[in-house]
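# Residue-level structural notes
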Amino acid sequence: MPTPTVTHRRNTGQPYAALASAIRKRPQVIRWILAGPGATTAAILTMAAMPAWLPRGAAGVDNIVYPLVLAPLIWTVAFLYAVVEPNLPRGVALIAGAVVANGLVTILAAGGAFTGSVR
Amino acid sequence: MSAAAVLATVTTLAALSHLAATDPKRRRAAALPVARKRRRAGLAVTAALCPGFLLLTAADGVDFTLWLSAASLGGWGVAACPPRRAARAMVRLARATAAPRHRLAGILMGRSRDEAAGRIAELERRVDELQADLAASARRRTPAAAHCTHEVDAA
Amino acid sequence: MMQLSQNQTKRLTAVHGWGGVVLGLLLYVVVATGTVAVFGQEIAKWSAGASSSRGIDHPIDAIVRDLATKLPRFYLAETSIWENEAGELVAFFHSHVPKPETGENADFGTLFRIDPVSAVVLDRHEGFIWERPDTWETSALRHFLVELHVRLHLPDPWGLLATGILALLLMATALSGLLMHRHLIRDLFVAERSRARLVSARDRHLLASSWSLPFAVVLAFTGSFFSFASTVSLPILAQVAFGGDREAMMETLYEPAAPADDRPAVAADLDSILTRSTEATGGPPVFVSIHGFGRADARVSVWHAAGGGRMGFAHAVFDGADGRFLGVRPGIGISRSLGSDLNDLMWPLHVGDFAGLASKCLWGALGTTICFVILSGLRLWVRRREIDPAWRRFGRAVTTVGYGLPVALIGSACAAFLSATAGDPFFWTPVGFSVAALAGIALGAAVPENDRLALAFRRTLAWSCLLLPIVRMAGGGRSWAEALANGDAEVIAIDLLALATGGTLRLLVRRSPDRRDAAAQLPEPAE
C-alpha cells in the first residue's frame with residue numbers, strides 16, 4: 001500500500017488554505033493540542049450528546065448506558081486518530097467539527113430541547 | 001471451570017503447540033531445521049479458534065471467557081517455551097505415546113491388535129531383507145565401501 | 001497489520017514509549033495491586049482469621065427483626081445486610097442525613113456485627129459509618145490493597161481520576177503497540193532469542209504483549225469505566241439528559257420507589273425470601289437491602305453472586321410487606337436490554353469473579369502478564385539508551401519499583417498481622433507499606449549496578465515470601481491445623497503460594513551468576 005502523503009493546496013486565497021498553512025507551520029504543537037485537549041473535549045462532548053440521539057431501548061436506559069460504558073472507547077478512538085492522521089488540517093477540521101456539532105447538541109439537550117426524547 | 005471449557009482450551013492449546021512447533025520464523029530464529037511435519041496452518045488455526053466459536057454459540061459466556069483467557073495465557077506459555085527444549089519435549093512425547101497411538105490407529109482403522117502387530121512384524125522383516133541386500137551389493141563394489149558397511153552393520 | 005508511514009509509526013512509538021516512561025511505573029503499581037486484589041476475598045480470609053460459616057446461609061430473619069424492633073423508626077429507612085469474611089452477619093440500619101462538613105446526604109445509622117449461629121451482637125457502631133472502615137471492613141490488608149488499586153490513596157475524586165487516566169494510558173499503549181507492530185501474526189510464536197540482550201528483551205516484550213493484548217484492552221476499558229463513570233460521565237449525563245436532576249436519573253436507571261405508604265406493616269420473612277431468591281436466580285446471596293423495613297411500601301432487594309452460567313450479579317426484588325416476588329432485575333434499568341447486559345458485564349470482566357477460583361486464578365495470571373509487559377517494555381526502552389547515565393538511573397528506578405512494590409506489599413501484610421492483636425491494623429498497614437517501600441528505595445539508591453540491585457531485591461523478596469507465613473502465625477493468625485479443621489483452604493493455599501514463590505526466587509538467585517558479562521552490558525542494535 002503506498003505511503004499516504006500530505007497534499008499542499010495551491011489556492012492560497014481560500015480561508016481554509018490559510019488556516020491549513022498556519023496549522024502546517026506548527027505541526028508538533030497542533031498535534032499535541034489535537035491529541036490532548038482536542039481528543040478529550042471531543043470525547044466528552046460526544047458522550048454528552050449521545051443521550052439526545054440514541055434510542056432508549058427496551059429498558060429505557062440504553063441512551064444513558066451506552067455513552068456511560070463507551071466513553072473510554074470514544075476517547076481512545078479520538079486520541080489514536082489525532083496521533084495517526086497524516087493530514088493535520090483534516091484532523092483539526094474533523095475533531096473541531098465533532099466538538100462543535102456535539103457541543104451544540106449538548107447545549108440544546110441541557111437546555112431541554114430534546115426533553116421528550118431524552119427522558 | 002466446566003468440562004466444555006477445559007476440553008476447548010486443551011484443543012486450542014494442542015493446535016497452538018502444532019503451530020508453534022512448525023512455525024518457520026520461530027525455527028529459523030532458534031537455528032532449527034525446517035519442520036518435517038506439514039504445517040497445515042489454515043487447518044490448525046481453525047482448530048484453535050473453533051472451540052471458542054462453539055462455546056460462544058452452544059454454551060454460555062462464562063465458558064467462552066474462561067476459554068479466551070486460558071488460551072491467551074497458554075498461548076503465551078507455548079510461544080515463550082524455548083524452541084529447542086520444546087522440540088526435545090515433543091520428540092520425547094512422541095516416543096512415549098508411540099505404542100498407544102499405534103494401537104489407537106489400528107483400532108480406528110478397523111484392524112485388530114494382532115493384525116496390526118503382524119503387519120508391523122512383516123514390515124520390519126522386509127526392512128531387514130532390504131538392508132541385507134544393500135549391504136551385500138556395497139561389499140561387492142569396493143573394499144572401502146565394504147568396510148563402511150561393516151561399521152554400519154556393527155552399529 | 002495496518003500499514004503506516006514512517007512518520008505515523010514514529011508518532012505512535014513516541015506515544016507508546018513516552019507514555020510508558022512517564023506513567024508506566026504508576027500503571028505498574030495499579031495493575032500489580034489490582035492483580036493481588038482479584039484475590040481480595042481470599043486475602044481477607046487469610047489475614048483476618050477466617051471462618052467457613054456464612055452469615056447469610058444461616059436463618060437471619062429473627063436476628064434482623066429483633067434488632068429492628070429496638071431501633072427508632074428513623075433508622076429503618078434503609079437496611080443493608082451482608083456477611084463478612086470472618087463469617088459474621090453485618091446489619092446496617094440507616095437513613096440519609098446531610099453531613100455537617102459538606103451538606104451532602106450520606107448514610108447515617110447503626111451497624112451491628114452479629115454471630116449468626118448464637119445471634120450474639122459482637123459489636124455496634126453509630127454515625128456516618130462508611131467513613132470508618134474499621135467498623136465494617138474485616139481485613140485492613142484487603143482494604144489497603146483495594147484503596148491503593150482504586151484510588152492510589154488519594155482523596156475523591158482525584159484518586160479515581162488518576163487511576164482512570166492510567167487505565168486510558170494502558171488502552172492507548174496497548175492499541176498503539178498493536179498498530180505499530182507490523183508482523184504481529186508472523187511473530188506470534190517467535191520465542192525469546194538468547195545471547196543478544198536487546199533482541200531478547202524486545203522478543204520478550206513483544207511476545208507477552210501480543211498474547212495479552214485482548215486482556216489488556218478489556219482490563220483498561222473496564223477499569224477506566226469504573227473510574228470515570230461516577231466522577232465524570234454520570235454527572236455530565238445527569239446534566240444533559242435530566243437537567244441536573246440526579247434523583248430522576250437514578251429512578252430511571254434503577255428500581256423506581258414504590259408509591260409511598262408509611263403505614264406500619266409486619267415485615268415479610270427474610271429467610272423465605274432468601275430461599276426463593278436463590279431458587280429464582282442461582283448463585284449464593286451476598287447482599288440484602290431493605291427499603292422501609294416494617295412499612296407497607298417496603299421493598300427487599302437480594303443480590304446474588306455469579307452462578308448458573310451467569311457472569312454478573314443477579315438482583316431479585318420482593319415486596320417487603322407480603323413477601324411477593326416482583327422479579328429479577330438487571331444491574332441497571334428495570335428490564336433487560338443490550339445496554340443493561342453490557343453494564344452487567346463490566347464488573348465480572350474487570351475483577352474476574354465469575355467462575356469461582358478458576359476465573360480468579362486466570363485473571364490473576366493475566367494481570368501478572370500485564371505487569372510483565374509493563375516492566376519488560378520499560379527495560380527495553382532503557383536498554384536502547386543504556387549509554388546515557390540518566391537512563392541507566394531510570395533503569396534502576398524500574399528495578400526498584402518492579403521488585404520494591406511486592407516487597408512493600410509484604411511489608412504491609414506483616415504490619416497488618418503484627419498489629420492485629422496489639423494495635424490498630426488500619427493505621428499500621430499503610431505504615432508497614434511505607435517503611436518497606438522506603439527501605440526498597442534506599443536499597444535502590446545504595447546499589448549502583450542494575451544487575452546486582454536486581455539480585456539483592458530477589459534475595460530480599462525471596463526471604464520476605466518465606467517469612468510471611470511465619471509472621472502471620474506469630475501475629476495470632478490461624479495455624480494450618482486450625483485452618484484444616486475449619487475447612488479454610490485459603491489460609492493454607494496462600495501460605496503455600498508465598499513459600500513456593502520464595503523458594504523459586506531462592507533457586508533463581510542461586511543459579512544466576514553474581515557478575516554478568518561486561519560485554520553484555522553494551523548497547524546493541526535492535527535487529
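Residues numbered from 1 in each chain as written. Chains lettered and ligands numbered in written order. Predicted model: local features only at pLDDT ≥ 70, side-chain atom pairs only at ≥ 80, totals over all residues. Heavy atoms only, no water.

### Focus on the sheet that holds strand S3 (residues 105-114) of chain C
All names here are of chain C. To keep things clear, this is the line we draw: A pair of strands is considered paired only if DSSP assigns at least 2 bridges between the two. Numbering of helices and strands runs from the N terminus; a helix is a DSSP stretch of H or I covering at least four residues, while a strand is a stretch of E covering at least two. As a rule, the C-alpha atoms of each element are fitted with a line to give its axis, helices using only the stretch in contact, and angles between N-to-C directions run from 0 to 180 degrees.
Here we have eight strands laid out as an open sheet, ordered S4-S3-S2-S1-S5-S6-S7-S8, and antiparallel in their pairing. Since the sheet does not close on itself, it has two edges, and those belong to strand S4 (121-127) and strand S8 (325-329), each with one partner. Across this sheet, the average inter-strand angle for adjacent strands is 20 degrees, counted without regard to direction. Sheet analysis places strand S5 (residues 285-291) next to strand S6 (residues 299-304), joined by six bridges and oriented antiparallel. Counterpart to Phe287 in the pairing with S6 is Trp303.

### Concerning the packing of helix H5 (residues 140-151) of chain C against helix H6 (residues 158-180) of chain C
All names here are of chain C. Stated precisely, the cut-off is as follows: Here the angle decides the label: under 35 degrees means roughly parallel, over 145 means roughly antiparallel, 65 to 115 means roughly perpendicular, and every other value means oblique. It only takes one pair of heavy atoms within 4.5 Å for two residues to be counted as in contact.
Closest axis-to-axis distance for the H5/H6 pair is 7 Å, and the angle between their directions is 65 degrees. Viewed along their axes, H5 and H6 adopt a mutual orientation that is roughly perpendicular. Facing H5, whose interface residues are His149, Val150 and Arg151, H6 presents Gly159, Leu160 and Thr163.

### Observations concerning the interface of chain C and chain A
Our working definition: As a working definition, buried area equals the accessible area (1.4 Å probe) given up by two parts on being put together, with both sides summed. Whenever Lys or Arg places a side-chain nitrogen within 4 Å of a carboxyl oxygen from Asp or Glu, that contact is recorded as a salt bridge. We define a polar contact as two N or O atoms separated by no more than 3.5 Å, with the added condition that, inside protein, one atom must be a possible hydrogen donor and the other a possible acceptor, whereas residues neighbouring each other in sequence contribute only through side-chain atom pairs. Three categories are distinguished: nonpolar for Ala, Val, Leu, Ile, Met, Phe, Trp, Tyr, Cys and Pro, charged for Asp, Glu, Lys and Arg, and polar for the others, with Gly belonging to the last.
The partner chain A presents 35 residues to the 40 residues of chain C that form the contact. In total, about 3,200 Å² of surface goes out of reach between chain C and chain A, with carbon and sulfur atoms giving 79% of it. Counting the surface chain C buries against chain A, the share from its top three residues, Arg11(C), Leu237(C) and Val240(C), is 19%. If you look at where chain C meets chain A, you find zero salt bridges. One can count six residue pairs in polar contact (both at pLDDT 80 or more) joining chain C with chain A. Of all the elements in the fold, those that place two or more residues in the side of chain C that touches chain A are helix H1 (6-37), H6, helix H7 (197-242), helix H8 (246-253) and helix H10 (338-351) of chain C. Broken down by element, the residue count for the side of chain C that touches chain A peaks at twelve residues, all from H7(C). Taken together, the residues of the side of chain C that touches chain A sort by class into 23 nonpolar, 15 polar and two charged.

### Here's the deal with a positive patch on the surface
Residues and elements named next belong to chain B. Going by this rule: Nonpolar side chains (Val, Leu, Ile, Met, Phe, Trp, Tyr) are joined into patches within 5 Å and like charges within 9 Å, using only residues with over 30% relative accessible area and no salt bridge. What sets the accessible areas is the Shrake-Rupley method with a 1.4 Å probe; for residues, cover comes only from the shown protein chains. Charge convention: Lys and Arg are scored as positive, Asp and Glu as negative, and His as well as the terminal groups of each chain are ignored. A charge is said to be at NZ when it belongs to Lys, at CZ for Arg, at CG for Asp and at CD for Glu. Buried, partly exposed and exposed residues are distinguished by accessible area as a fraction of the type maximum, computed with a 1.4 Å probe on protein chains only: under 20%, between the cut-offs, and over 50%, respectively.
Together, Arg84, Arg85, Arg88, Arg92 and Arg95 make up a positively charged patch on the protein surface. Mapped onto the elements of the fold, Arg92 is located in helix H5 (residues 83-96). Given a relative accessible area of 55%, Arg92 falls into the exposed group.

### What to know about the UniProt feature "transmembrane region" (unreviewed entry) in chain A
Residue and element names in this part refer to chain A. For clarity, the cut-off: UniProt positions are given in the numbering used here, feature names are shortened, and annotations may be inferred rather than shown by experiment.
In the numbering used here, UniProt assigns the "transmembrane region" (unreviewed entry) feature to residues 32-52, 64-84 and 91-114. The span residues 32-52 is 100% helical and 0% strand by assignment, and the distance between its end C-alpha atoms comes to 30 Å. End C-alpha to end C-alpha, residues 64-84 measures 30 Å, and it is 100% helix and 0% strand.

### Quick word on the interface of chain C and chain B
Counting residues at the interface gives 24 residues for chain C, matched by 24 residues for chain B. Where chain C abuts chain B, roughly 2,000 Å² becomes buried across the two surfaces, and 79% of that area is made up of carbon and sulfur atoms. Taken as a group, Phe189(C), Trp211(C) and Leu362(C) account for 34% of the area that chain C buries against chain B, more than any other trio of residues on that side. Taken together, the connections running from chain C to chain B amount to one salt bridge. With its nearest N and O atoms 2.5 Å apart, the salt bridge here joins Lys25(B) to Asp187(C).

### Remarks on the packing of helix H2 (residues 40-48) of chain C against H5(C)
Residue and element names in this part refer to chain C. Relative to each other, H2 and H5 sit at 150 degrees, their axes nearing to 8 Å. Judged by the inter-axis angle, H2 sits roughly antiparallel to H5. Contact with H2, carried on its side by Gly40, Gln41, Ile43, Ala44, Trp46 and Ser47, involves Leu141, Arg142 and Leu145 of H5 and no other residues of that element. In terms of residue class, the contact of H2 with H5 is built from five nonpolar, three polar and one charged.

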